[in-house]
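Listed below are the residues making up each chain.
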Amino acid sequence: MAEENHSNTQIPMANALTIGEMTEPTDNPAQDVPGKKGMDITYGIDDVPPWYLCIFLAIQHYMTMIGAIVSIPFILTPALCMEDENPARGIIISTMIFVTGLVTWFQATWGCRLPIVQGGTISFLVPTLAILHLPQWQCPAPEAMAMMSFDEKEEIWQVRMRELSGAIAVAALVQVIIGYTGLVERLIKIITPLTIVPTVGLVGLTLFEHAATTASKHWGIAVGTTAMLTLFSQVMVNVNIPVVKYRKGHGLETRPFALFKLFPVLLTIAIMWGLCGLLTLFNVFEPGNQARTDVRLRVLTDASWFRVPYPGQFGVPTVTLAGVLGMLAGVIACTVESVSYYPTVSRMCGAKGIPAHALNRGIGVEGLGTMLAGLWGSGNGTNTFGENVGAIGITKVGSRRVIQWAAAIMIVQGVVSKFGAVFMMIPDPVVGGIFCVMFGMICAFGLGALQYVDLQSARNLYILGLSLFFPLVLCQWIQKHPGVIQTGNETVDATLSVLLGTSILVGGVIGCFLDHIIPGTREERGVAAWEKEINSFSNDSPQDGNENTSCSTYDFPYGMNILRKCRWTSKIPFLPTYRPSSKRN
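Treat the numbers as computed from the prediction; the structure is a model and nothing was measured.

1. Some points on the overall build of the protein chain
A count of helical and extended segments in the protein chain gives 27 helices and four strands. Considering the protein chain as a whole, with its 585 residues, one finds that 56% of them fall into the buried category. Sequence separation of at least 24 residues holds for 81% of the intrachain contacts in the protein chain that already meet a minimum separation of 6. Total accessible area computed for the protein chain in this model is approximately 23900 Å², and 65% of it derives from carbon and sulfur atoms.

Okay, structure coming up:
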């Protein structure tokens, strides 16, 4: 782990957070933390908890992340024409976990330096499915697949993975550019709440068919999973479980532990997976039923114990114009989503408002992470995990060091291929039940931007209705009628098919365009409230008024003395010494 170049606030060992204390903080835990008086936080962004506590808290972040990341291959691999029992499914999960660890460590250490987890995102599935709906990427008929050799079947999905890898990596260059050049500061002035709603909201709405297909393999299990997740995460959220703990000088004590608040998804999956295992053991499910736990047993048995993922592991990525333009929709959606998380995380961690250079660097690193995810062959990009942001709010632990430990755990687990294969054995109906909640929450996150706009305005309702409904009509039709666009040029046909078949792109463009051309006041459009929300992206820098002033939270861990000696570094948008032109005058 990288050492910080500043003194970290240490909490005495006697006040260290315990399992019970983690969920039941004192009335004002910040009173024990120097420099954070009056704040409801146990460990701030620059604090370093004891190493053993870091490990426990890191595992918690890892477990919070893993529930979301393993769901992506359940949609991705069938679209790649990969068979259910193919061991490569586990390799894809391990690759995702490995890249997540690398990007998370780099983001927390050299990027925006906020304690956020970067990993696979549902947002890239929408353009991915649009690309794979093109006529040339349609899966062969089951009868034709059955006649193929193993090598031929491998090439079927690998050639599609190479197409996705190239498209993701090249499209991510746009995110790198807008981040490191400082364009993101201007971009957030163009993106309004009525742009965010369709761009993010349609991610969840578009995937409803995949949730239905997966859940329909056994509606009883799927509905039970959704009901149990609702029970744990909403109804029993404040129910604590007593945990026995030994304390020196006091003996054994019981402490409350918020099990349902911290691990509702993992607890639900474990219980429903176990139930499916019992029903499989007693042959309640007939052989071949997708609710059985032994349907994909071969994935686990054929997986190797250790395998280090590497760039181009499925072949050299290919690049097409249609794929790159389609993936830009996912890049834009992820950028919008991450920008909305940054000020929230900085407040949760007790940090000052994130400055412009950290915002620019954070989006730039996210773009680099998406490039790595594409080149490594994960079939996906990277984005800030909302689940882990929520974990910070629950535990009141926003230490950067904890996230660095979590990243190390992810890297190690990504090398253990058996571990990734285990998650591919989760029964489809269980995953389908999780999808029903997960996709709904993504949609709700997008709709949450409506809090800024005037919903009594006929203008806003018109834009909202058209930008949400029209993409669903057009994109569904385009995807169900591949080859319908005939301009005489195959490249143009494929490009238009992907663009018009990507709902988040169509919806975002419509929302943004109409919001800027239809007359409306700033208050009515929600622009005034939105700008107030993101005003924490301060243009003030460490050097404002004093060249020797230090702002260690967002500084690099090493090399700051050298940067401060070079005046030209104040003009580089992603360096901690950056000052906008208005501040240099």
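Moving on from the coordinates now.
2. Let's talk about unusual backbone geometry
Look at Cys-81: it is not a glycine, yet its phi comes out positive at around 70 degrees. The buried category is assigned to Cys-81, whose relative accessible area is 6%. One non-glycine residue, Arg-113, lies in positive phi territory at about 65 degrees.

3. Considering the packing of aromatic side chains
A complete count under the given rule lists eight aromatic pairs for this structure. Taking the centre distance of 5.0 Å and the plane angle of 70 degrees together, the rings of Trp-157 and Phe-314 count as edge-to-face. Taken together, the residues span a long stretch of sequence, with Trp-157 in helix α7 (residues 150–180) and Phe-314 in the loop between α14 (297–302) and α15 (321–348) at a distance of 157 residues. Overall, the relative accessible area of 7% leaves Phe-314 in the buried class. Relative to Phe-439, the ring of Phe-435 lies with its centre 4.7 Å away and its plane at 15 degrees, an arrangement referred to as stacked. One end of the pair is Phe-435 and the other is Phe-439, both in helix α20 (residues 428–447) and four residues apart, which spans about a single turn. One exposure class covers both Phe-435 and Phe-439, and it is buried. Pairwise contacts between aromatic rings join Trp-110, Phe-556 and Tyr-558 into one cluster.

4. Some remarks on the nonpolar core
It is characteristic of soluble globular proteins that their nonpolar side chains tend to be buried jointly. The biggest cluster of nonpolar side chains holds 101 residues, and the ones touching the most others in it are Met-65, Ile-66, Ile-69, Leu-80, Ile-122, Met-327 and Phe-439. Grouped together as the second largest cluster of nonpolar side chains are 20 residues, Ile-45, Tyr-342, Val-345 and Ile-392 included.

5. Thoughts on the side chain of Asp-493
In this fold, Asp-493 is placed in helix α22 (residues 490–500). Polar side-chain contacts of Asp-493 include one of 2.6 Å to the side chain of Thr-487. Every residue in contact with Asp-493, bar those within four places of it in the chain, is listed here: Ile-485, Gln-486, Thr-487 and Gly-488.

6. A look at the pattern of salt bridges
All chains considered together, the criterion is met by nine salt bridges. As a salt-bridge pair, Arg-400 and Asp-46 come within 3.2 Å of each other at their nearest N and O atoms. Highlighted residues: Arg-400 in helix α18 (residues 400–415) and Asp-46 in the loop between α1 (19–23) and α2 (51–69), separated in sequence by 354 residues. For Arg-400, a relative accessible area of 1% gives the class buried. The partner of Lys-217 in a salt bridge is Asp-428, and the shortest N-O contact between them spans 2.7 Å.

7. Re a nonpolar patch on the surface
A cluster of nonpolar side chains, contributed by Leu-278, Leu-281, Phe-282 and Val-284, occupies part of the molecular surface with about 450 Å² of accessible area. Assignment of secondary structure puts Leu-281 in helix α13 (residues 264–281). Its relative accessible area of 61% is what places Leu-281 among the exposed residues.

8. Details of the packing of α7 against α15
It is the contact of α7 with α15, at a shortest axis distance of 8 Å, that shows an interaxial angle of 50 degrees. Judged by the angle between their axes, α7 and α15 are oblique. Remark: the crossing between α7 and α15 carries right-handed chirality. Judged by residue contacts, Glu-163, Leu-164, Ala-167, Ile-168, Val-170, Ala-171, Ala-172, Val-174, Gln-175 and Ile-178 of α7 engage Gly-323, Val-324, Met-327, Leu-328, Val-331 and Thr-335 from α15. Classifying every residue of the contact of α7 with α15 by side-chain character gives 12 nonpolar, three polar and one charged.

Reading guide: rules and limits
Residues numbered from 1 in each chain as written. Predicted model: local features only at pLDDT ≥ 70, side-chain atom pairs only at ≥ 80, totals over all residues. Heavy atoms only, no water. Helix = DSSP H or I, 4+ residues; strand = E, 2+ residues; numbered from the N terminus. Buried < 20%, exposed > 50% of the residue type's maximum accessible area, 1.4 Å probe, protein only. Contact = heavy atoms within 4.5 Å. Areas by Shrake-Rupley, 256 points an atom, 1.4 Å probe, with all protein chains shown as cover. Phe/Tyr/Trp six-rings, centres within 6.5 Å; stacked < 30°, edge-to-face > 60°. Core = buried A, V, L, I, M, F, W, Y, C linked by side-chain atoms within 4.5 Å. Polar contact = N/O pair within 3.5 Å; in protein donor to acceptor, adjacent residues only side chain to side chain. Salt bridge = Lys/Arg side-chain N within 4 Å of Asp/Glu carboxyl O. Patch = residues over 30% accessible without salt bridge, like charges linked within 9 Å, V, L, I, M, F, W, Y side chains within 5 Å. Axes fitted to C-alpha atoms, helices over the stretch in contact; angles between N-to-C directions. Parallel < 35°, antiparallel > 145°, perpendicular 65-115°, else oblique. Left-handed = near helix turned anticlockwise from the far one by under 90°. Nonpolar A, V, L, I, M, F, W, Y, C, P; charged D, E, K, R; others polar.

Note that all results are geometric; they support no functional claim without further evidence.
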